[in-house]
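# Results of the structural survey
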Amino acid sequence: MSFPRGGFRPLAFAVIALLAAMASAPAGSAGLAPVEPIEVSARPITEFHIGHSDKQFGSLEFVGGLEMTSPARDFGALSAFRFLQAGSDFIGVADTGYWFFGTLARDADRRPVGVQNFKMQQMVDKAGLPIDKKWQADAEGLAVKDGIATVGFERNHRVAQFRIDPAGMKAPYRDLDFLVPARELRQNRGFETVAHAGGQHQGGLVVVSEKSLDKAGNIYAAILQGPHKGVFTVKRNGDFDITDGAFLPDGDLLLLERSFSMVGGVKMRLRRIHGESVEKGAVADGPVLLDADMGYQIDNMEGLDVWTRDDGALMVSLISDDNHSILQRNLYLEFILHQD
C-alpha cells in the first residue's frame, strides 16, 4: 500500500497506528457485545382461566403471572429460562441469539409482581463478535448446573456449553455430541428441551427435540451423559410439539407442549413423562396434567422450569415467546404442582 505525499502523510501514520493498536488488542475485545439494561413493565395476572376465579387445575394450582412489555427493541422472543436462585434470579436465552438475566419480584404472599434488573446480551462467536445470523444463534433450550449453561440450538443443530457470567457471556467452551443422527433433525424442529436428569440418570443431560420424528412418528430424544446414555423417543400425543422440559425430584420428566392451528388457535399442555421410560431405545410416555386453550392466559408457551419454594412447595414456571409480534405476548406463569 502507498500513501500520497505531503499533507496526507500524518493521516497515513495515524491509520497505521490505529491498525497496529487493533492488531495488538485482545482477541474479541473490539467487538464484544455489550450487556444492556432493559426496562421491563409487568402487569400482574391473577386469573389463569379468563373470567373465572378458580385456582385449581388438576394437580396444578395457579399462583399468579405477569404480562411483560418493554420499549426496548431486543426484548422478546424468550425461548427458555432457568432460575439461578429459586424463584428469584434467572438466566435465559432468546431465539434471536440473546442471553437475558433478571430477578423476579414478589409480594408478601410470594406471588410474582414484577421483573427487576433485566438485561440482555447478544451471543458472540469465538472471536468475541456478535452473531447476527439467525441460523447460527437460534437458541431454544437451556439447562443450568454448577455455573455452566448448556444450550440447545436449532437450524445449525448443536448443544453447546457456556460459563455463566452475567457481567458478560463469552463464546461456548465446548460442543457436546447430541447422539441423535443429524440427518434426523428437522431444520426448525431441533432441541427445545435441555435438562439435567434425576433418578437413574444421576444428573446426566437429556435433550428432546421439538418435532423431529422417527418412522413411527415419535419424537427423537437422547440421554447425553451418565451410565444409560443413548437415543430414545417420546411418544407424540396428538398435534402437540415439545417446547421445553425439566425433571421433577422423583425422576419424572415434565414436558411443556404447544399446538397451533388457524381454527383452534394456540394451545398449551403439560405432560408428565414416567421417569423409568426415559431410557435408551425406549418410547417414553406419560399422562397429561394440564390442557389450556385461548380461553386461558396463554400464548406461545416456550420455556419451563421446576423449582422448590422456601416453604417446600414444588413450583412450575412457564414463559412465552412473542416472536416480536404485536399480536403476541411475553407471559410468565407460575403454579404449584401438588404431589398427593
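Residues numbered from 1 in each chain as written. Predicted model: local features only at pLDDT ≥ 70, side-chain atom pairs only at ≥ 80, totals over all residues. Heavy atoms only, no water.

## Focus: the pairing of strand E14 (residues 205–213)
Rules: Think of it in three bands: residues with accessible area under 20% of the maximum for their type are buried, residues over 50% are exposed, and the middle band is partly exposed, with areas taken using a 1.4 Å probe on protein chains only. Helix numbering and strand numbering both begin at the N terminus, where a helix is a DSSP run of H or I of at least 4 residues and a strand a DSSP run of E of at least 2. Two strands are counted as paired when DSSP detects at least two bridges linking them.
Taking burial as the measure, the 9 residues of E14 include 7 buried ones, the bulk of the element. Here 5 bridges tie strand E13 (residues 191–196) to E14, and the two strands are oriented antiparallel to one another. Bridge pairing in E14 links His 196 to Leu 205. The sheet contact formed by E14 and strand E15 (residues 219–223) spans 4 bridges and is antiparallel. Looking at E15, one finds that Val 207 is bridged to Ala 222. Between the antiparallel neighbours E14 and E15 lie 5 residues, among them Gly 217 with a positive phi of about 85°.

## So, the packing of aromatic side chains
So the rule is basically this: Aromatic rings from Phe, Tyr and Trp, taking only the six-membered ring of Trp, are treated as a pair when their centres fall within 6.5 Å; an angle between ring planes under 30 degrees marks them as stacked, one over 60 as edge-to-face, and anything in between as tilted. Here, a charge over a ring means that NZ of Lys or CZ of Arg falls within 6 Å of the ring centre while also lying within 35 degrees of the ring normal.
Scanning all chains against the criterion turns up 17 aromatic pairs. Measuring from centroid to centroid gives 5.2 Å for Phe 48 and Phe 57, while their planes differ by 85°, and the two rings are edge-to-face. The same class applies to Phe 48 as to Phe 57, namely buried. Judged by centre distance (5.1 Å) and plane angle (90°), the ring pair of Phe 48 and Phe 335 falls under edge-to-face. Linking Phe 48 in the loop between strand E2 (41–45) and strand E3 (56–57) with Phe 335 in strand E24 (residues 330–337), this pair joins segments that are 287 residues apart in sequence. Here Phe 48 matches Phe 335 in class, with each residue buried. Members of the aromatic cluster, connected to one another through ring pairs, are Phe 75, Phe 81, Phe 83, Phe 90, Phe 100, Phe 118, Trp 307 and Tyr 332. Above the plane of the ring of Phe 240 lies Arg 269, whose end atom (NZ or CZ) is 4.0 Å from the centre.

## So, the nonpolar core
Put simply, the rule is: Throughout, nonpolar core names a set of buried Ala, Val, Leu, Ile, Met, Phe, Trp, Tyr and Cys residues whose side chains join them through atoms within 4.5 Å. By definition, residues are in contact when any of their heavy atoms lie within 4.5 Å.
Grouped together as the largest cluster of nonpolar side chains are 27 residues, with contacts concentrated most on Phe 48, Met 268, Leu 270, Leu 304, Val 316 and Leu 318. Those elements that provide at least two residues to this core are strand E4 (60–69), strand E18 (253–261), strand E19 (265–273), strand E21 (288–292), strand E22 (301–308), strand E23 (314–320) and E24. When sequence neighbours within four positions are dropped, the list of residues in contact with Met 268 reads Phe 48, Phe 240, Leu 256, Glu 257, Leu 290, Asp 291, Ala 292, Ile 298, Met 301 and Leu 318. One finds Phe 75, Leu 78, Met 120 and Tyr 332 within the second-largest nonpolar core, a separate group that totals 24 residues.

## Notes on the sheet that holds E13
Read from one edge of the open sheet, 5 strands run E13-E14-E15-E16-E20, paired in mixed fashion. One side of each edge strand has no neighbouring strand; the edge strands of this open sheet are E13 and strand E20 (283–284). The pairing of strand E16 (residues 230–234) with E20 spans 2 bridges and is parallel. Note on E20: the bridge partner recorded for Val 234 is Ala 284.

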